[in-house]
Amino acid sequence: MDTLMQWLEHHHVVTGLRAALLLFTGLLVAHLLAKLTVQFTKGLSPHHQVLLKRLVYWLVLSLFLASVLKELGFSLGVLLGAAGVLTVAIGFASQTSASNLISGLFLIGEKPFQLGDVIKVGETTGEVLSIDLLSVKLRTFDNLFVRIPNESLIKSQMTNLTRFPIRRFDLQIGVAYKESIKQVRELLLAVADANPLCLDEPSPLFVFNGFGDSSLNIQFSVWTKRENFRDLRNSLQEEVKNAFDTAGIEIPFPHRSLYAGSETAPFPITIVPAKADQNGGGS
């Protein structure tokens with residue numbers, strides 16, 4: 001028992017216990033203050049709340065870590081000097097990371113998207129999971145995790161598919177030259193009017209794009225809520241196809257005719273019966 005008391009009274013043991021207690025207290029306080037930060041910043045966007053929560057957590061924890069090091073006998077001046085030299089060395093060695101960090105600050109200030117938005121960067125489309133200082137994490141529609149460096153987002157074109165509450169779907173379609181454009185317009189408007197996902201305002205748009213090689217080219221555009229875009233795209237195309245089939249409106253495919261010259265008729269096609277073989281059977 002006396003040996004245990006002597007060991008507990010030893011200077012290094014007391015110092016270690018104090019440092020451990022400070023570290024535990026720092027973790028607890030940092031966690032609590034980070035949660036309080038989220039509660040008091042409900043008016044901010046989700047990704048700003050996440051960034052503030054992380055900033056508060058690491059700032060408070062850093063203060064307690066400095067106290068722990070001081071308790072253990074480390075000189076903070078020497079540590080800060082060494083940290084400065086190390087930071088400069090790391091900065092020269094990792095210019096890409098510094099560029100991503102600066103780009104991340106621009107993204108935070110510009111706010112081109114938020115957590116939960118669906119964005120398209122190059123050939124990648126996915127939901128934004130997190131916006132960090134070095135990269136943005138996405139989850140694609142086939143449930144893949146994609147990390148995009150912030151520098152790439154700043155330098156390339158990015159499309160936010162869910163920034164606004166409504167979206168427009170453009171249906172490109174061609175009909176045969178023999179069809180009546182007026183009838184096609186009325187039929188398409190009737191299909192849109194019967195589809196519950198199509199918005200009445202803005203109203204559907206019918207555009208005659210011109211004369212194609214094999215068809216009259218038409219663009220039919222309808223508006224819908226962003227969360228219904230995929231369902232509308234699938235249902236509207238199926239309904240248009242069914243309506244055209246019912247009305248006898250032809251959706252043509254390319255036709256080609258062969259000529260020997262400008263004044264000759266097309267090559268005739270003749271069906272030749274199969275020759276009988278030597279045994280009298282058909283070939």
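An unreviewed UniProt entry lists the protein under the name Small-conductance mechanosensitive channel, with Alkalimonas delamerensis as the source organism. Annotation of the protein in UniProt includes, under Subunit (unreviewed entry), the sentence "Homoheptamer."

## Observations concerning the UniProt feature "transmembrane region" (unreviewed entry) in the protein
This chain's UniProt record puts "transmembrane region" (unreviewed entry) on residues 20-38, 50-68 and 74-93. Taken end to end, residues 20-38 is 100% helix and 0% strand, and its first and last C-alpha atoms sit 28 Å apart.

## Section: the side chain of T162
As for its position among the elements, T162 is in the loop between β5 (158-160) and β6 (166-175). Since its relative accessible area comes to 16%, T162 is described here as buried. Side-chain polar atoms of T162 contact the backbone nitrogen of V118, separated by 2.9 Å. Residues in contact with T162, not counting those within four places in the same chain, are D117, V118 and R226.

## Comments concerning the pairing of strand β1 (residues 118-121)
Here 4 bridges tie β1 to strand β2 (residues 124-131), and the two strands are oriented antiparallel to one another. By the bridge assignment, V121 is partnered in β2 with T124. Counting the residues between successive antiparallel strands, the hairpin from β1 to β2 contains 2 residues, one of them, G122, with a positive phi of roughly 65°. With 3 bridges joining them, β1 and β5 adopt antiparallel strand pairing. Looking at the pairing, I119 lines up with N160 of β5.

## Regarding the side chain of N150
Along the chain, N150 turns up in helix α6 (residues 150-155). A distance of 3.1 Å separates a polar side-chain atom of N150 from the backbone oxygen of D132. Beyond its immediate stretch of four places on either side in the chain, N150 contacts N100, S103, G104, L107, D132, L133, L134, S135 and V136.

## Quick word on a nonpolar patch on the surface
Residues L101, L105, L133 and L134 make up a contiguous nonpolar surface patch of about 330 Å² in total accessible area. Turning to its location among the elements, L101 is positioned in helix α5 (residues 95-110). On the accessibility criterion, L101 (36% relative accessible area) is partly exposed.

## Some remarks on the nonpolar core
What tends to happen in soluble globular proteins is that the nonpolar side chains get buried as a cluster. Of all hydrophobic cores here, the largest spans 22 residues; its most connected members are V184, L188, V222, L236, V240 and F244. Residue assignment for this core shows that the elements contributing at least two residues are β6, α7 (181-194), β8 (216-225) and α8 (229-247). Counting residues in each nonpolar core, the second largest holds 10 residues, with L107, I119, I131 and V136 among its members.

## Focus: the sheet that holds β5
One open sheet accounts for 5 strands, arranged β4-β3-β2-β1-β5; its pairing is antiparallel. Looking at the sheet topology across the chains shown, the edges are occupied by β4 (145-149) and β5. Pairwise comparison of adjacent strand axes, ignoring direction, gives a mean angle of 40° for this sheet.

## Looking at the packing of α7 against α8
Orientation of α7 relative to α8, taken along the N-to-C sense of each, is 135°, at an axis distance of 10 Å. On the basis of the axis angle, α7 is oblique to α8. Taken as a pair, α7 and α8 cross one another with a handedness that is right-handed. On α8, the residues that touch Q183, V184, L187, L188 and V191 of α7 are L236, E239, V240, A243, F244 and A247. Each residue belonging to the contact of α7 with α8 can be placed in one class, and the counts come to 9 nonpolar, 1 polar and 1 charged.

## Observations regarding the packing of aromatic side chains
Overall, the coordinates contain 3 aromatic pairs when judged by the stated rule. Ring centres 6.1 Å apart and planes at 80° place the aromatic pair F169 and F229 in the edge-to-face group. Here F229 lies in helix α8 and F169 lies in strand β6, a separation of 60 residues in the sequence. Considered together, F169 and F229 belong to a single accessibility category, that of buried residues. Judged by centre distance (5.4 Å) and plane angle (90°), the ring pair of F208 and F211 falls under edge-to-face. For F211, a relative accessible area of 63% corresponds to the exposed category. The lysine or arginine in question, R167, covers the ring of F229, its NZ or CZ lying 3.8 Å from the ring centre. The ring of F141 carries the charged tip of R230 above its face, separated from the ring centre by 5.0 Å.

Definitions and limits used
Residues numbered from 1 in each chain as written. Predicted model: local features only at pLDDT ≥ 70, side-chain atom pairs only at ≥ 80, totals over all residues. Heavy atoms only, no water. UniProt positions renumbered as here; feature names shortened; annotations may be inferred. Helix = DSSP H or I, 4+ residues; strand = E, 2+ residues; numbered from the N terminus. Buried < 20%, exposed > 50% of the residue type's maximum accessible area, 1.4 Å probe, protein only. Polar contact = N/O pair within 3.5 Å; in protein donor to acceptor, adjacent residues only side chain to side chain. Contact = heavy atoms within 4.5 Å. Pairing = 2+ DSSP bridges. Patch = residues over 30% accessible without salt bridge, like charges linked within 9 Å, V, L, I, M, F, W, Y side chains within 5 Å. Areas by Shrake-Rupley, 256 points an atom, 1.4 Å probe, with all protein chains shown as cover. Salt bridge = Lys/Arg side-chain N within 4 Å of Asp/Glu carboxyl O. Core = buried A, V, L, I, M, F, W, Y, C linked by side-chain atoms within 4.5 Å. Axes fitted to C-alpha atoms, helices over the stretch in contact; angles between N-to-C directions. Parallel < 35°, antiparallel > 145°, perpendicular 65-115°, else oblique. Left-handed = near helix turned anticlockwise from the far one by under 90°. Nonpolar A, V, L, I, M, F, W, Y, C, P; charged D, E, K, R; others polar. Phe/Tyr/Trp six-rings, centres within 6.5 Å; stacked < 30°, edge-to-face > 60°. Lys NZ or Arg CZ within 6 Å of the ring centre and 35° of its normal.

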